[in-house]
Structure formats: structure tokens, C-alpha cells
Amino acid sequence: MSVIVEANNLKAHYITHAFGVQRSVKAVDGISIKVSEGEVYGIAGESGCGKSTLLKVLLGAHQPPLTVVDGSVKYRFDGVEMDALAMGEAARRDIRWSKVSYIPQGSMHVLNPVRRIQDTFRDFIQTHRSTSAREAHDMTRAYLNELGLPEKVMRAYPHQLSGGMRQRVTIGLATILWPKLIFADEPTTALDVVVQRGVIQLLKDIRQKEGSTLILITHDMGVHANLSDRIAVLYAGKVVEEADTRTILKTPLHPYTQYLIKSLPHLDERTERVSIPGRPPALDHPPSGCRFHPRCPLAIDKCRTIDPETISVRPGHQVACHVVTEGIPHAASV
Amino acid sequence: MQPQSSTTLLRVEDVTKVFSTRHGFSSKEFRAVDEASLSLDPSQPEIFTIAGESGSGKTTLARMILGMEKPTSGVLKYKDRDIATLTSREKRQWFFREVQPVFQDPFATFSPLKRIDHYLYETVFNYQISDRAGADDYINAVLNEVGLTFNEIKGRYPNELSGGQAQRVSIARALITRPSMIVADEPVSMLDASLRMSIVNMFRNLKNSKQVNILYITHDLATAYYTADRIAIMLRGWIVEIGPVSKVLEEPLHPYTQNLKNSVPDADPDKVWTERISLTDLDSDGSGHSGCKFAGRCPAVMDICRKKVPPNFERQGRVVKCFLYE
Amino acid sequence: MITVRDLLRFSPSFRYGAIILMVVVVLIILSYFSPFEPDDRRAVPRNEPPSFEYLLGTTSTGQDVFWMLTFAIRNTMIIAGVAVIIGRTIGVLLGMISGYVGGTLDRVLSSIVDSVIVIPRLPLVILIASILRGQITIITLAVLIGILDWAYPSKRYRAQIFSLREREFTQTAVFAGMNTFKIVVQEHLPFLIPFLLADMVSGFLFAIGFEVTLSILGLSDLNAQSIGTMIYWGNYYQALLSKQIWVLAAPIAASVLIVVGFYLMSIGLGTYLDPRTRLKRLEVRG
């Protein structure tokens, strides 16, 4: 499996200068991930973990005060390697939507509110392919049909559609040119549960059809369970654990992941579930050593001073935790 | 329907709320809540969930219970007094001491221009809970019940707190008057999954230790199942199924409840979805049809469903609005 | 909240605006130390061009232009100030009552406001002023201008109250036991204040413009010194034709300067409050 996007020791901070004080929010602080072509790579984490920042940087869409202070992000399409951070504006525009695309959380922002859906699609397609308006319309109609959207959507304006339909249209827009790499940022969070199921199914279908790679960012572990092949769990700007979905959900090793999984309610048991004590740290003043140590019940002395390195526990399973590395026994399943 | 008891804590009887919007000379009617009925028993505190998707009417129903909206027809009674006819004065002197809200967005609940303790103090003084001297101690005691201390939040503005903290303060404020009922509208949906559990656990404790009834409005079936004693499932203004939560969510009778339950993604790789659903089904909104509101999407739809409105039937310890159970 | 110091540092337009208005304030203060009374004629040699002794020259009635100007600025600002206070008070009260009470009262008030807005103000004022000719004092003028300029602002305050009423924290205040008056004053007023400030600036500009217009037309208190009346008298004594430009240039320049000063300040304030530029302000340097 070839690697399609790779981040190496990526560090991106929000650096602000106000009233003579420099403040550095270390939103992404040393993240390395490798995503293979054709897989669904899930990024899980809660608010304040840095996943939105990571997304921005992976897309090369970061702007001041967000600055990349270290590390690299590289794409590899058909054997050609590109530096995502150093790319010029023209190159970026070239690959945007045709090779790399992005499904945002709030669908209203992507669709032009004063244009009909079919016009938005037509402009879009014609920017990247030389087709006639008629061909563009046909292409749009066929594709929207596959997405399960009725014909009347073509001539509608965004505000006339329901939230679920809009999100599917946005997904359509982001995938109609069959980009190789799709980033989805909380694509189902704002949707009703029934529609959510449809959208998840849709993303699965799209992915299977063209073998695109999907990087799925969401805090909802249920969505990861149904979509992601592998999951990277983010906490306070770092990847604390990375493994295939089954391992993360059934036998996680990092204390944070364990807590996270244990705290999820399921629709078939009412036994009391625990919640993680404390709060995620403010990223301008992260704790020394391991960032989870103030809330971790298993913290040892080392955890307070030394930042744990990411160790491969098994092929495909990495953990950044002293307790795990030192082999200290603790519950390995939830 | 259940036999009418002489004193119920909360009784919602055939309540309907219609919103009409005027477009020029024509007007469109929207039935947000349609003949909804439920009741809470005063003898034992319970957590009652009203669950539904967006547009189901659950928030409108909650607002009517809080007295923020008046029903178009039907009656809502709290301790046998009609909520809709209470004057502002009566509300301030009696109703608000008994019933308090918790809203979805903790950062909208408080004005960003005011320190958060302002609302705590106002609640304490306006209801004569304590005099100036004892106010701080009282507030601190209530904050302790939600896992905070007054020192942590005193003098701070809402945006200085995290979402979880702010929501706890919101709950604490609601507890100050020692209400008999708290109406919580999506109290955890803006919080992270791990935080939700702590707040929801807190609700369970409050019910048991402080004898507070909690009306928990949500679209999240998982937390509803975990927390509630009874549940009402709403679909486009109707309550389609109502009963003990273990029965309704473990063996749902109404096809919509089944649909809802099957659509919740389980964070268990052994329980991932295997069946496909049809995407076109999602779009039929079935408005303007007579008959059952779910007829457009129901896998068990019968002829009669499209023609007549199903009445409520009592089956297996709950009430279902479906012809399947005639 | 806004710190004035930060505002001065950040926004060049606010800075320049503030400087200009400082100058204006100094001139107003100077007017209290004027060696001449405002209507002292023949106090100084007539028709002198600007010189070291007579900074802005003298008029054909033997008055020192500089000291006249200080009085003029003072009176014009008084007129504008009173007008703004009257106008905004009416506007805010009406807007808030209308917005908060709603229902029939709101509909009635709104219809009144909408009717008033449509009335063409300049012809109306000219009419009234001509009728009252000779009996207008500065204060009358101020009141007249004030009661013309409340309608449009009141609509905006009403809109603000409407949206504030729907905000969730209003409900929190209700459930916290606060009565309507408390809610309006404690919860909603703080939101109105930035808007009120910007609105007051616009009110000032309107009032100054009107005063100058009326005075030039000879419809205000011609015995009082104001920017407009200076121009009026300048024309009356044909300053332009007799090449005594300084008599006219001074008040005109002063009025332009005051308007520009206010305008710059409000632009600076507006840009500062705009969330997009706020982000740029915190940008990395170097």
C-alpha cells in the first residue's frame, strides 16, 4: 500500500502578539502520521485536542496566526511527491477538488447561497475540466442521482434544501471529480441520526467505487466504528495512540483512550459508566512531560517530566505512554 | 391513556402548537406539536426523556412546559395550575421556584458581557433564598453539588470557562431554588462525549439525592437510555411511543422508534451496520398527507395508515400511536 | 472591552481623528478666555488680513476672526450636543419600548416612526425656522434639530432589542427572577452602548450639518456666533467679493475639520471593532 499523505513531526502553533505579550498555543505539537492509499483513516479526539488545526495544516490551508514551526506534510499522487506546505498558490488551486478535496462541517458555507445547485456544479466542473455546460449538467444529474437526491435538487437554491440534503450535495461537490484524497471534517455532526446513517453509507460507497482515501475527523466513536479502518487518537496536540479500529475500540492501551471508550454509552446497557476526571489542558501552557498526566490514574514519576515517545507495540499499533512502554500491567481491555 | 390522577406534578393534555407564517396573502401552517400528552407523577422523582430528531417538536413542547410559549390548543398543568395562564408575577413568585431550565448552549445561556456569578446572585436574591451575608456560602454549596467550587468561577466571564464548566454553572443556577422539576433541553449535545457522561451521571444523582424530576430533552438515544426512567419518542409533533425506557428502547414497538434505534452508530466493531438503507427514503417528508406521519417511510405501512390518523393504543406497558397494534 | 490606548495605537484614523477633536476642545476652552465679547463690534481694526496680532484676521464689523471662531465652535458644538442628546434619548426610549413591549403598542409606534421618517426634514425645518424667524435661540435650534433626528435610530434600537429578546440569556434572566426593567437595563443596555456611541457620532454630524445649513440661510439666531452664522455674516458683508477670504475660510475650514475629525474617529472605532481586523492585529510580527 503506497502512502498518499504523510506528516512528519508536524508542529503548528497559533502565535499571537498582543499588548507586547507573545502567546503560543501549541495546537499541533509533533504529529507524525502516514496514510495509505485507499484506506479510511480516522482522527478522533475531543474539543481542544487540535484536530481542526491538524486538518487545516494537512490541507495547507493554514493562515496567520497559525504558523507551521516544524515538520512537513507531503502528498504522493501517482508516484509524484508534493510538499503540501511549500506549494505555490497555482499548484494548490490545481490540485484542490481534483486531487484533494474537503467536506466541511457546516454545509452552508461551501454552497453559494445565491446560485442554484446545478450552476454551482457547472462552474465547478468547468473550472477543472473542459466540458460544455450540457455535459456538466448531465454529469451532475447522474451523480446526484447516485447520491439518492431527487431531480428537483438541481434547480434548487441551498436554503431550500434540508440539512441532510445539503450535506449530501456538499459531499457530491467534493467528490464529483473523484479526488484521490478526501478530508471530511465532522461530516455528520450536525445531522439527524437517521440522515447520518445515510451519509456514512454514502461515504463508504464513494470510497469503494474509486478507491479514494478518506481522512475522517470526528469525535463520534460510533461513526469511526462504522467507517474508519484505522484510528489515531489525539490529545492536547499529540497522537497518543494509533491502531486499527477494532483494537482502539476493544483493546486500547493508552489510559486516555481506555477512559474515552469506557465512557461511551451503548444502547443496550445501563450500568454506570465512568467519566474522565478533570479537563483537557489549555494548549498555551500544556503540562510538562506527558500531557495527560494530571488526569491519568496510572501516572508514574516519569510521566510528569518526560514526554513519552511513540512506541510500536505491535505492527500497526503505536502508543505514546510510559506506563505502556514500561510494561506496567493495567487493564488492557474495556 | 392512563387514568387521570387527582394531582399530577405535570400534566400535558392533548397539547397542540401551530405556527403560521404569512407569505403575502397566503399563510402556511406548521404544526410543531400535535396532540401531545404526558404526565409526571409527584410521588417519585423520575427522569423523563423526550426524544426526537430536529423538527420533532420536542423543543417547542419543552418551551410550553416552561411557560415560554402558549399552546394553540390543549392544556399544560403544573401541580394542577394552568401554566399558560400564569401572570409574570405568579411565575416569579411561584412557578419559577418550582421549575427551572437548563439550555443547550452554555455560552448562550449567559450574557458574554456579564460575569457568570451575576446570574447566580440574582437567582439567590430575587427568590429570597439567602441574605447577602450567606449568599456566597449557599452558592458554593450548590456549586459543590455539580462538582465546582465558587472560587473557580467567581468573577469570571463565561468565555473564560470551558463548555463543561459553564454548563455545570447553568445547572447549578437552576438548582438554587430547589426546584421540583428541571427542564433540560439538549444539555449535553454541545459537550464532548466524555464530558457528557459526567453531566448525565450528575442528573442521575440529583434525581436520587435531591428528589428533582428532570425532563431531559435530547436526540441522543444512548444517553437517554442510560439516564432516563421513561421516554417519549416524538415524530413531527406527535408522541408516537411513550413508556419505560428499557421497554421502549430495548423492544421498540413503533416502526419509527425501531428506525431511530437502528440508526444510532454503536462504537462497537461487532455491531456495525450490515444492512443498507435507501437514501431516497430520507427525503420524503410526507407533509400534507392525511393519515400517519410516518407512512412515507414506514417499512410496515398498510393502506389504513395513509388514510386515517392512528389513535393511541396501550400495549406491553406503553402507549403506541400505530395501527399495527390495533 | 475596548481600551482607548489600544485604539490609539492601532488605528491611524482614530489617532488623527482624536488629535483633531483635541484641537477643537482646546479652542472651545479658549473661548472662555476670549478678550472680546462675542458681539463686540469695532473692537479691533476692521478688515485686517491674518497677521501675528490677529491670527485669522478681522471682519468688516471689527471683530477678531480667531476669537469669533472659538465662540462659534463652542456654540455649534452646544447645539449639536443638545440635539444629539434630545434625539437619541427619544430614539432609544421609543425603540426600546417598542421592541420590548411588542404587540399593538409596537405596531402603533412603528407606524408613527415610519411616517416621521418620510417627512423631508430640510424643507420642514426651513419652514419652521422662517416662521420663528427672529425668535430662535441657540437652544431652540438645538431642540428643533434634535426632534428631527430620532426616527431612524429608533428603528435600529428596536431591531437590536428584538434580537436581544430572543437570546437565551434573556430567558436565563427571566428565570433568575429579574423583572423587565432590570433585564432591559442590566442585560440589554450593555449591548446597545457600542452601537449608541457610533450612532451619536452620526447624530453630531447631522446636527452640525443642519445648523450650518440653516445659519447660512439666515434662519438661526443671527446674534449668536456659530460656524454657520459666521459664514452668513461673512456673505452678508460680501467678504468673498472684497477679497477678505479669511473671514469665510476660517469657519468653513473649522466645520470641515470637525466633521472629518468625528468621521475618522468613527471609522477607526468601526475597524477596531470588526472581528476580521481584530485577528490581523494579533498577527505574528517578524
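The residue count restarts for each chain, going from 1 along the sequence in the order it is written. Key to labels: chains lettered from A, ligands numbered from 1, both in the order written. At least 70 in pLDDT is required for a residue's local features to be given in this predicted model, at least 80 for side-chain atom pairs to be given and counted, and no such filter applies to totals for whole chains, interfaces and linings, which use all residues.

Right, let's get into the overall build of chain A. Numbering of helices and strands starts at the N terminus; helices are DSSP runs of H or I of at least 4 residues and strands are runs of E of at least 2. Summing up its helical and strand segments, chain A has 11 helices and 12 strands in all. All radius of gyration figures rest on C-alpha atoms, and the globule criterion is 2.2 Å times the number of residues raised to 0.38. Rg of the C-alpha trace for chain A: 21 Å, near the compact-globule value of 20 Å for 334 residues, within the 12% margin. Seen through its principal axes, chain A has C-alpha atoms that stretch 70 × 50 × 45 Å. Residues counted as buried form 46% of the 334 residues belonging to chain A. Two residues qualify as a contact pair if the distance between their C-beta atoms, derived from the backbone, is within 7 Å. When contacts within chain A are restricted to residue pairs at least 6 apart in sequence, long-range pairs at least 24 apart make up 63% of them. Any residue whose C-beta has 12 or fewer other C-beta atoms within 10 Å is treated as exposed, any with 20 or more as buried, and any in between as partly exposed, C-beta atoms being built from the backbone.

What chain B contains, in helices and strands, is 12 helices and 12 strands. Whereas a compact globule of 326 residues would reach a radius of gyration of roughly 20 Å, chain B reaches 21 Å, a difference of no more than 12%. In chain B, which comprises 326 residues, the proportion classed as buried is 48%. By sequence separation, contacts in chain B at least 24 residues apart represent 64% of the contacts at least 6 residues apart.

On to the interface of chain B and chain C. Each partner contributes to the interface: chain B provides 18 residues, whereas chain C provides 12 residues. Elements with a minimum of two residues in the side of chain B that touches chain C: helix H2 (88-98), strand S6 (99-102), helix H3 (106-109) and helix H4 (117-126) of chain B. Each residue gets one label: Ala, Val, Leu, Ile, Met, Phe, Trp, Tyr, Cys and Pro are nonpolar, Asp, Glu, Lys and Arg are charged, and the others, such as Gly, are polar. For the side of chain B that touches chain C, a count of residues per class yields 9 nonpolar, 5 polar and 4 charged.

Each partner contributes residues to the interface: chain B has 36 residues there, and chain A has 38 residues. Counting residues per element, the ones that place at least two in the side of chain B that touches chain A are helix H8 (193-210), helix H9 (221-227) and helix H11 (255-262) of chain B. With 6 residues, H8(B) is the single largest residue contributor to the side of chain B that touches chain A. Across the side of chain B that touches chain A, the residue classes break down as 18 nonpolar, 11 polar and 7 charged.

Residues and elements named next belong to chain C. To define axes, lines are fitted to C-alpha atoms, for helices over the stretch in contact only, and angles between the resulting N-to-C directions are given on a 0 to 180 degree scale. Axis separation between helix H3 (residues 65-101) and helix H7 (residues 151-166) bottoms out at 7 Å; the angle between their running directions is 35 degrees. Like other packed secondary-structure pairs, H3 and H7 cross with a definite hand, here right-handed. Contacts between H3 and H7 involve Arg88, Gly91, Val92, Leu94, Gly95, Met96, Ser98, Gly99 and Tyr100 from the former and Pro153, Ser154, Lys155, Tyr157, Arg158, Ile161, Phe162 and Arg165 from the latter. Handedness of each helix crossing follows the sense of rotation of the near helix against the far helix: counterclockwise by less than a right angle gives left-handed, clockwise gives right-handed.

What follows covers the sheet that holds strand S11 (residues 313-315) of chain B. Residues and elements named next belong to chain B. One bridge is not enough; two strands pair if DSSP finds at least two bridges between them. One open sheet accounts for 8 strands, arranged S6-S7-S8-S3-S9-S10-S12-S11; its pairing is mixed. Each edge of the open sheet carries a strand with a single partner, namely S6 and S11. For this sheet, the mean angle separating the axes of adjacent strands, direction not counted, is 20 degrees. Note that S6 and strand S7 (residues 181-185) share 4 bridges and pair parallel. Within S7, the residue paired with proline 101 across the bridge is valine 183. In the packing of helix H1 (residues 58-65) onto the sheet, the strands contacted are strand S3 (47-52), S7, strand S8 (213-218) and strand S9 (230-235), and the crossing angle to S8 comes to about 150 degrees. Packing against the sheet, helix H7 (residues 163-175) makes contact with S6 and S7, and its axis sits at approximately 175 degrees to S6.

Take unusual backbone geometry next. With phi around 50 degrees, A:Ala236 is a residue other than glycine that occupies positive phi space. Tracing the backbone shows A:Ala236 in the loop between strand S9 (230-235) and strand S10 (238-244). A positive phi angle is found at B:Arg236, which is not glycine, with a value near 45 degrees. Within the fold, B:Arg236 resides in the loop between S9 and strand S10 (238-244).

Moving on to helix H9 (residues 180-216) of chain C. All names here are of chain C. Taking 1.5 Å per residue, 37 residues should reach 54 Å; H9 reaches only 47 Å between its end C-alpha atoms and comes up short. A residue's bend is given by the angle between axes fitted to the 7 residues ending at it and the 7 residues starting at it. Most pronounced at leucine 189, the bend in H9 amounts to some 55 degrees, and the proline proline 190 follows within four residues. At the C-terminal side of H9, glycine 218 shows a positive phi close to 80 degrees. A helix's residues, less one, multiplied by 1.5 Å, set its expected span.

This part is about the sheet that holds strand S6 (residues 100-103) of chain A. Residue and element names in this part refer to chain A. Strand order in the open sheet formed by 8 strands is S6-S7-S8-S3-S9-S10-S12-S11, with mixed pairing between adjacent strands. The outermost strands of the open sheet, each flanked by one partner alone, are S6 and strand S11 (311-314). With direction set aside, neighbouring strand axes in the sheet form an average angle of 20 degrees. For S11 and strand S12 (residues 317-319), the ladder comprises 3 bridges, and the chain directions are antiparallel. Across the sheet, isoleucine 311 pairs through a bridge with valine 319, a residue of S12. Helix-sheet contacts for helix H1 (residues 51-59) involve strand S3 (40-44), S6, strand S7 (181-185), strand S8 (213-217) and S9, and the interaxial angle to S7 is about 155 degrees.

Moving on to the confidence of the model for chain B. Residue and element names in this part refer to chain B. On average, residues of chain B score 88 in pLDDT, and 94% of them reach the 70 mark or higher. Overall, residues 1-5 carries pLDDT values under 50, and its contacts beyond four positions in sequence, including any with other chains, amount to 3 contacts. For this predicted complex, the interface confidence comes out at an ipTM of 0.87, alongside a pTM of 0.81. Note on scores: pLDDT gives the predictor's confidence for each residue, bounded by 0 and 100.

Residue and element names in this part refer to chain B. The buried fraction of S10 is high, at 6 of 7 residues. Across 6 bridges, the pairing between S9 and S10 is antiparallel. If you follow alanine 232 over to S10, its bridge partner there is isoleucine 242. Remark: 2 residues form the turn of the hairpin made by S9 and S10, two consecutive strands paired antiparallel; arginine 236 in that turn has positive phi of roughly 45 degrees. Relative to strand S12 (residues 318-320), S10 runs antiparallel, the two being bridged by 2 bridges.

This brings us to the nonpolar core. Soluble, globular proteins show a tendency: their nonpolar side chains are buried together. Counting 105 residues, the largest nonpolar core has B:Ile65, B:Leu215, B:Tyr216 and B:Ile233 as the members making the most contacts within it. Beyond its immediate sequence surroundings of up to four residues, B:Leu215 is in contact with B:Phe48, B:Ile50, B:Ala62, B:Ile65, B:Met181, B:Val183 and B:Ala184. For this analysis, nonpolar core means a set of buried Ala, Val, Leu, Ile, Met, Phe, Trp, Tyr and Cys residues linked through C-beta atoms within 7 Å.

Mapped onto the secondary structure, A:Lys250 falls in helix H8 (residues 245-250). Considered as a pair, A:Lys250 and A:Glu37 are 213 residues apart in the sequence and their alpha carbons are 25 Å apart.

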